[in-house]
Amino acid sequence: MMTRAEAKKIRNLVKQGRLAEILGGITEKEETSDRDGYEMTTVYIGDIPIKNNYKLINKFGSDNKPVSWKPYMAVVKGLFYKYKGTVYRAIKSGIPIKLSDEYFAEVKED
């Protein structure tokens, strides 16, 4: 069992940001994703994996590959849809009967 003095020593190392350095530093490594359509970057402290960061890549419903939308078609919040040449992002899931601000926000191109 850890003594109070040992725990305080480790706590001080964490507060000073030195614990990660002692364990081998913080590194990021791109790896094969366990989710289809995503890239995965894993953050390590030393050789211990701490966090997986996922990024959506070229999948239907992304901003560079929007789904063609028609009235009465179900939409999913967060996905991108194209209607009459304009790209929109769904801000609510449901089945809209027409293009409205309730379900869609127009995506402005920079």
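To be clear, the structure that these remarks concern was listed above.
Residues numbered from 1 in each chain as written. Predicted model: local features only at pLDDT ≥ 70, side-chain atom pairs only at ≥ 80, totals over all residues. Heavy atoms only, no water.

Caption draft 1: Spotlight on the overall build of the protein. Regarding its fold elements, the protein presents 2 helices and 7 strands. Along the protein, helices (α) and strands (β) appear in the sequence α-α-β-β-β-β-β-β-β when read from the amino end. Relative to the globule expectation of 13 Å for 110 residues, the C-alpha radius of gyration of the protein, 23 Å, shows a markedly less compact shape. With 110 residues in all, the protein has 20% of them scored as buried. Contacts in the protein between residues far apart in sequence, at least 24 positions, make up 8% of those at least 6 positions apart. One way to put it: in the protein the 20 positive side-chain charges average out to a point 6 Å from where the 15 negative ones average out. (Helix = DSSP H or I, 4+ residues; strand = E, 2+ residues; numbered from the N terminus. Rg over C-alpha atoms; globule rule 2.2 N^0.38 Å. Buried < 20%, exposed > 50% of the residue type's maximum accessible area, 1.4 Å probe, protein only. Contact = heavy atoms within 4.5 Å. Lys, Arg positive; Asp, Glu negative; His and termini not counted. Charge placed at Lys NZ, Arg CZ, Asp CG, Glu CD.)

Caption draft 2: Local environment of the nonpolar core. With 7 residues, the main nonpolar core is built from Trp-69, Val-75, Tyr-81, Tyr-88, Ala-90, Tyr-103 and Phe-104. Apart from the residues within four sequence positions on either side, Tyr-103 is in contact with Val-75, Arg-89, Ala-90, Ile-91, Lys-92, Ser-93, Gly-94, Ile-95 and Pro-96. (Core = buried A, V, L, I, M, F, W, Y, C linked by side-chain atoms within 4.5 Å.)

Caption draft 3: Highlighting the side chain of Thr-42. Tracing the backbone shows Thr-42 in strand β2 (residues 38-45). Overall, the relative accessible area of 1% leaves Thr-42 in the buried class. Here the side chain of Thr-42 touches Glu-31 through a polar contact of 2.8 Å, side chain to side chain. Look past the residues within four positions of Thr-42 in its chain and what remains in contact with it is Thr-27, Glu-28, Lys-29, Glu-31, Pro-49, Lys-51 and Asn-52. (Polar contact = N/O pair within 3.5 Å; in protein donor to acceptor, adjacent residues only side chain to side chain.)

Caption draft 4: Spotlight on the sheet that holds strand β6 (residues 86-90). Pairing is mixed across the open sheet formed by 4 strands, whose spatial order is β4-β5-β6-β7. Of all strands in the sheet, those bounded by a partner on one side alone are β4 (67-68) and β7 (104-106). Where strand β5 (residues 80-83) and β6 come together, 4 bridges link them in antiparallel fashion. Residue Phe-80 lies in a different strand from β6, and its bridge partner there is Arg-89. (Pairing = 2+ DSSP bridges.)

Caption draft 5: Spotlight on a positive patch on the surface. Residues Arg-4, Lys-8, Arg-11 and Lys-15 make up a contiguous surface patch of positive charge. Along the chain, Arg-11 falls in helix α1 (residues 4-15). (Patch = residues over 30% accessible without salt bridge, like charges linked within 9 Å, V, L, I, M, F, W, Y side chains within 5 Å. Areas by Shrake-Rupley, 256 points an atom, 1.4 Å probe, with all protein chains shown as cover. Salt bridge = Lys/Arg side-chain N within 4 Å of Asp/Glu carboxyl O.)

Caption draft 6: Structural detail: unusual backbone geometry. Even without being glycine, Tyr-72 reaches a positive phi, approximately 70°. In this fold, Tyr-72 is placed in the loop between β4 and β5. When its relative accessible area of 60% is taken as the criterion, Tyr-72 is described as exposed. Even without being glycine, Lys-84 reaches a positive phi, approximately 50°. By the element assignment, Lys-84 lies in the loop between β5 and β6. Classification of Lys-84 as exposed rests on a relative accessible area of 74%.

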